[in-house]
Amino acid sequence: MKPKNLYLILCVAGTLFPYSQLLPFLREHGLDLRLLFEQLFSNKIGGFFGLDVIVATVVLWALVVVEGRRAGMKYLWVPIAASLVVGVSLGLPLFLYMREQQLERSAGANARSGV
């Protein structure tokens, strides 16, 4: 399987699994951010996971900006927005998918130019 296809599958899984937990919460409580964070940080283990995800999100944003610019990628806001709407579980594989597309375009351009 090509990495690009794997990353696309991970985008789907990275959306479906987290939302399988978020949607029932939203149905029951609406968008009650205070309650969401209260429940997330209700104990040390929840706090561990919550802070881990927050730090991973910031790391993802740095990766997207630094590596995306280095690779000459466009639409770098898309994986950042995806990480805000769903989480790192979508933002990271989406960025990797976009990077694979850019690598394929670059390889094709190099092949056509004889580089």
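Look above for the structure.
None of these values were measured; they are calculated from a predicted model. (Residues numbered from 1 in each chain as written. Predicted model: local features only at pLDDT ≥ 70, side-chain atom pairs only at ≥ 80, totals over all residues. Heavy atoms only, no water.)

### Digging into the pattern of salt bridges
Let me state the cut-off plainly: Throughout this description, the term salt bridge denotes a Lys or Arg side-chain nitrogen within 4 Å of a carboxyl oxygen of Asp or Glu. To qualify as a helix, a DSSP run of H or I must reach at least 4 residues; to qualify as a strand, a run of E must reach at least 2; elements of each kind are numbered from the N terminus. Relative accessible area decides the class of each residue, using a 1.4 Å probe on protein chains only: under 20% of the type maximum gives buried, over 50% gives exposed, and in between gives partly exposed.
Under the defined criterion, the tally for this structure stands at 4 salt bridges. Of the charged contacts in the structure, one is a salt bridge between E38 and R34, with a shortest N-O distance of 2.8 Å. In this pair, E38 and R34 both sit in helix α2 (residues 33-40), 4 residues apart, roughly one turn of the helix. Residue E38 is classed as partly exposed on the basis of its relative accessible area of 45%. Across the pair E100 and R99 runs a salt bridge, and its minimum N-O distance is 3.9 Å.

### Overview of the nonpolar core
Inclusion rule: Working definition of a nonpolar core: buried Ala, Val, Leu, Ile, Met, Phe, Trp, Tyr and Cys residues. They are joined through side-chain atoms within 4.5 Å. In what follows, a contact means two residues having at least one pair of non-hydrogen atoms within 4.5 Å.
Ranked by internal contacts, the top residues of the largest apolar core, which has 13 residues, are V64, M73, L76, L94 and F95. Of all the elements in the fold, those that place two or more residues in this core are α1 (3-29), α3 (44-70) and α5 (88-113). The element that contributes the greatest number of residues to this core is α5, accounting for 6 residues. With near-sequence residues (within four places) excluded, M73 lies in contact with G68, F95, M98, R99 and Q102.

Read these as geometric descriptors, not functional statements.
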